[in-house]
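Descriptive structure summary
As a plain string of letters, each chain reads:
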Amino acid sequence: MPEVIRAVCPHDCPDTCLMLVTVDDDGRATRIDGDPDHPFTQGFLCTKVSKYLERTYHPDRLAYPQIRVGAKGEGRFRRATWDEATALIAERLKAIIASPDGPQAIQPYSYAGTMGLVQGEGMASRFFRRIGASFLDRTICSSAGAEALNLTYGTRMSTDPESVPEAKLILLWGTNTLTSNPHLWPFIRRARAKGAPVICIDPLRTRTAAVSDEHIAIRPGTDAALALGMMHVLFRDHLEDRQYLDEMTIGWEKLRERVLSDYAPERVAAICRLPVETIERLGTLYGTTRPTFIRLNYGLQRHAGGGSAVRAISLLPAVTGAWNDAGGGCQLSSSGTFAFNTAALERTDLGNHAARTINMTRLGEALTKIDDPPVKALIVYNSNPGSVAPDRENVLRGLRRDDLFTVVLEHFQTDTADYADVLLPATTQLEHDDLHKAYGHLYAMYNRRSIDPVGEALPNSEIFRRIAAAMHLDFPDLYQSDAELMRAALTGTGEVMNGVTLEALKEHGSVRLNLPSPHVPFRRGVTLKTPSGKIEIESQQVAALGLDALPCYVPPYESEERNPALARRFPLALLSPPAHEFLNSSFVNVASLRRSAGKPTLEIHADDAHARSIADGARVKVYNDRGTFTADAVITDRVRPGVVSAPSVWWGRLTSDGANANQTTSQALTDIGRGATFYDNLVDVAVL
Ligand SMILES: Nc1nc2c(c(=O)[nH]1)N[C@H]1C(S)=C(S)[C@@H](COP(=O)(O)OP(=O)(O)OC[C@H]3O[C@@H](n4cnc5c(=O)[nH]c(N)nc54)[C@H](O)[C@@H]3O)O[C@H]1N2
Ligand SMILES: Nc1nc2c(c(=O)[nH]1)N[C@H]1C(S)=C(S)[C@@H](COP(=O)(O)OP(=O)(O)OC[C@H]3O[C@@H](n4cnc5c(=O)[nH]c(N)nc54)[C@H](O)[C@@H]3O)O[C@H]1N2
Ligand code: SF4
Ligand SMILES: [Mo]
């Protein structure tokens, strides 16, 4: 009899779906579905993860450890045993630790290949802390917005997504919901059925924008100005909620003065390249409707002023008091609502706290420029920086260094794996157990292993245990089992986690946090974890970063405002958001998904195409001073003049020119949170 096992989608996606895996009598998974009983998953999986079995049983899955035989980057390996591979890693790491460079020359590099707590940083953190390696500042995705919310609200909490059907107005702001957060859509649809208009603010007419009631095609990187312009309308027309502002915030009077003097709709219209009427109407609609819900997402943060933009937008519901309403407020990430004991799981008490920290967004620089000490060993897990990190030419130049020892834990031979000295096969989510929080809902989740590992693959946790053993590291915390790691994460967790026990998680697969339903995080009367206990519209902590204490508009680095000479040479703003069929660089090697994604394309407006004699379908090169990639031109009004879009993130090794959009992206960091600025990227395009 086939068995149905509850698992959790491990991917970096706000939806964290509960999955049902059907396993037949000989232990093979034959079906994968969304759990119909889960309140957020509601019985469906997205386009990509519907193909998770094709990915899991892919003929290219890494099935045994391998050691490099070719030149660096050639991607040629020979088969090794686990003992041989871990012995080699132990020997090389010990030699670096004993050398004058010391343990800080060892660099972990990881992100969110799996969001699982155990197979994420659980054992890895313990290992790197115990050996005294450098730390990694994990900034490639969400740190600008996360930090902006921490500074403004003291936490990363959001509107309860299940309360969205109560909203009477929905702004989808810098989010391609249908692609990157599809399980929110049924809740939006319910609000819409009751009459709530859905307005999408995105430079691109994405599939989400196309089905919204209105699409506002803002100029990239200017969202803070739009939010402050809306506030101008709100204060000018007395649409603010004084009671909420007085009780719950500090600095609102100064904000009022600021937006009334500096952010008049006429000025904002010029900055955002939108009609004045749009700003007036949006401000009025926002101020005269309750409850209002804003889904803001990561797209708008990947610019110089990404942190300031999140601060400004997240303050709109403070100005109107929308935070006080069920279904009102805004949602960026709910992850701060969870209270797993990550300190105990990752043993953040251990190790050399004075070790340096490398910003993952600047991996290219770290590998090619930093010398105190240089990075001598790079250990990559849960990430594919050879495809996804900005300024790819620099990253690959660094990875090519002969004196760099690189270990990659992976499912596949990715762009990064090509550069490994030792390539180790890791298990997928179906092959290991794990615990999950979510950043788009309020359920803690348990992933039960459903099949045996493919080949000799091992979970990340076990790989680090084996490397520790090969190094003869004599610390019991490095040898705890996955079950013990889960217990650590679930012990001493606080009230919000009451009821979130391993037993309950195993039984139900998913347990809602101990919160009222709906959870209204910033209702009047709540004390926040900021220094003042209030929403910090004016923030001394922000001022200490050298920024304005009040929310403000910070123009893109690569813009006429900040670099007119560059803007003349490279007049087109390139966005490279995820393709519908891919999850960052995951799934690009899954044949059915790659077929449906087609080839690397560049969407360009007819005006910009004609000015360059580019015909629809022509092969073009997209370039700036950092690098070049090629794509097929698609002439479309889905992009506005001056903006081009290259759906991403392709693997260089699977494209005809070996390149991808990150050839052109920069290592510059956001104003708040030291985050990546993938979409702050000027290019030009020419027929090849
Ligand atoms: N299918 C799919 N789903 C995913 C992912 C994936 O790769 N594929 N990735 C996952 C991950 S890691 C993340 S972080 C999330 C990301 O989810 P989203 O935040 O939705 O991410 P993006 O697609 O990068 O950006 C959303 C939209 O922002 C727009 N945008 C770009 N610049 C600006 C701007 O300056 N202002 C405004 N208003 N909009 C702008 C882009 O055109 C894009 O349509 O999605 C997750 N879900
Ligand atoms: N141009 C451009 N670049 C981008 C983005 C963009 O929109 N445009 N998006 C950015 C964003 S938002 C993000 S979050 C980053 C994402 O960057 P990454 O976190 O690197 O994400 P993925 O590309 O999905 O690669 C994850 C890798 O982890 C591996 N993996 C999965 N599970 C496991 C496991 O259990 N063990 C091990 N050892 N490996 C595992 C997968 O096989 C995959 O190769 O990319 C960023 N780069
Ligand atoms: S929507 Fe997100 S969480 Fe759900 S299956 Fe797809 S990637 Fe996974
Ligand atoms: Mo991300």
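Quick caveat: nothing in here was measured; it's all calculated off a predicted structure.

1. A closer look at the nonpolar core
- Counting residues in hydrophobic clusters, the biggest one holds 60 residues, and the most contacted among them are Trp 173 and Leu 226.
- By residue number, the principal contributor to this core is helix α8 (residues 223-236), which donates nine residues.
- Setting aside its immediate chain neighbours within four residues, Leu 226 contacts Trp 173, Ile 201, Ile 218, Val 268, Cys 272, Leu 274, Ile 279 and Leu 282.
- Membership of the second largest hydrophobic core comes to 53 residues, among which are Ala 444, Ala 468, Met 471 and Met 497.

2. Comments concerning the site of ligand 2
- Taken together, the neighbourhood of ligand 2 is formed by 32 residues, with Ser 383, Glu 410, Ser 576, Ser 585 and Ser 586 sitting nearest.
- With respect to ligand 2, the side chain of Arg 55 contributes an N or O atom lying 2.8 Å from an oxygen atom.
- Contact with the protein chains hides 97% of the accessible area of ligand 2, taken as 920 Å² for the molecule alone.
- Of the residues in the shell around ligand 2, the class split is 13 nonpolar, 15 polar and four charged.
- Two domains each donate at least three residues to the shell around ligand 2, and these are domain 2 (66-137 + 342-433 + 456-479) and domain 4 (564-687).

3. Describing the environment of Pro 186
- One can find Pro 186 in helix α6 (residues 185-193).
- In sequence terms Pro 186 and Gly 455 are 269 residues apart; their C-alpha atoms lie 39 Å from each other.
- Excluding residues that lie within four positions of it along the chain, Pro 186 makes contacts with Gln 42 and Phe 44.

4. Thoughts on the domain arrangement of the protein chain
- Along its sequence, the protein chain is organised into domain 1 (3-56), domain 2 (66-137 + 342-433 + 456-479), domain 3 (144-332 + 521-535) and domain 4 (564-687).
- If you average the C-alpha positions of domain 2 and of domain 4, the two centres end up 30 Å apart.
- Between domain 2 and domain 4, a total of about 1,700 Å² is buried, with carbon and sulfur atoms accounting for 43% of that surface.
- The shortest N-O distance in the salt bridge between Arg 674 and Asp 137 comes to 2.5 Å.
- Secondary structure elements with two or more residues in the side of domain 2 that touches domain 4: α16 (363-368), α17 (385-388) and α18 (392-399).
- Grouping the amino acids of the side of domain 2 that touches domain 4 by side-chain chemistry returns five nonpolar, eight polar and eight charged.

5. With respect to the pattern of salt bridges
- Scanning all chains against the criterion turns up 50 salt bridges.
- Taking the shortest distance from any N to any O, the salt bridge between Glu 240 and Arg 242 comes out at 2.8 Å.
- Note that Asp 632 is salt-bridged to Arg 619, the shortest N-O span being 2.7 Å. Residue Asp 632 is located in strand β25 (residues 628-635), and its partner Arg 619 is located in strand β24 (residues 619-623); the two are separated by 13 residues in the primary sequence.
- Overall, the relative accessible area of 15% leaves Asp 632 in the buried class.
- Exposure remark for Arg 619: the relative accessible area of 30% places this residue in the partly exposed category.

About the thresholds
Residues numbered from 1 in each chain as written. Chains lettered and ligands numbered in written order. Predicted model: local features only at pLDDT ≥ 70, side-chain atom pairs only at ≥ 80, totals over all residues. Heavy atoms only, no water. Core = buried A, V, L, I, M, F, W, Y, C linked by side-chain atoms within 4.5 Å. Buried < 20%, exposed > 50% of the residue type's maximum accessible area, 1.4 Å probe, protein only. Helix = DSSP H or I, 4+ residues; strand = E, 2+ residues; numbered from the N terminus. Contact = heavy atoms within 4.5 Å. Near = heavy atom within 4 Å. Polar contact = N/O pair within 3.5 Å; in protein donor to acceptor, adjacent residues only side chain to side chain. Areas by Shrake-Rupley, 256 points an atom, 1.4 Å probe, with all protein chains shown as cover. Nonpolar A, V, L, I, M, F, W, Y, C, P; charged D, E, K, R; others polar. Domains from an automatic or database assignment. Buried area = accessible area lost by both parts, 1.4 Å probe. Salt bridge = Lys/Arg side-chain N within 4 Å of Asp/Glu carboxyl O.

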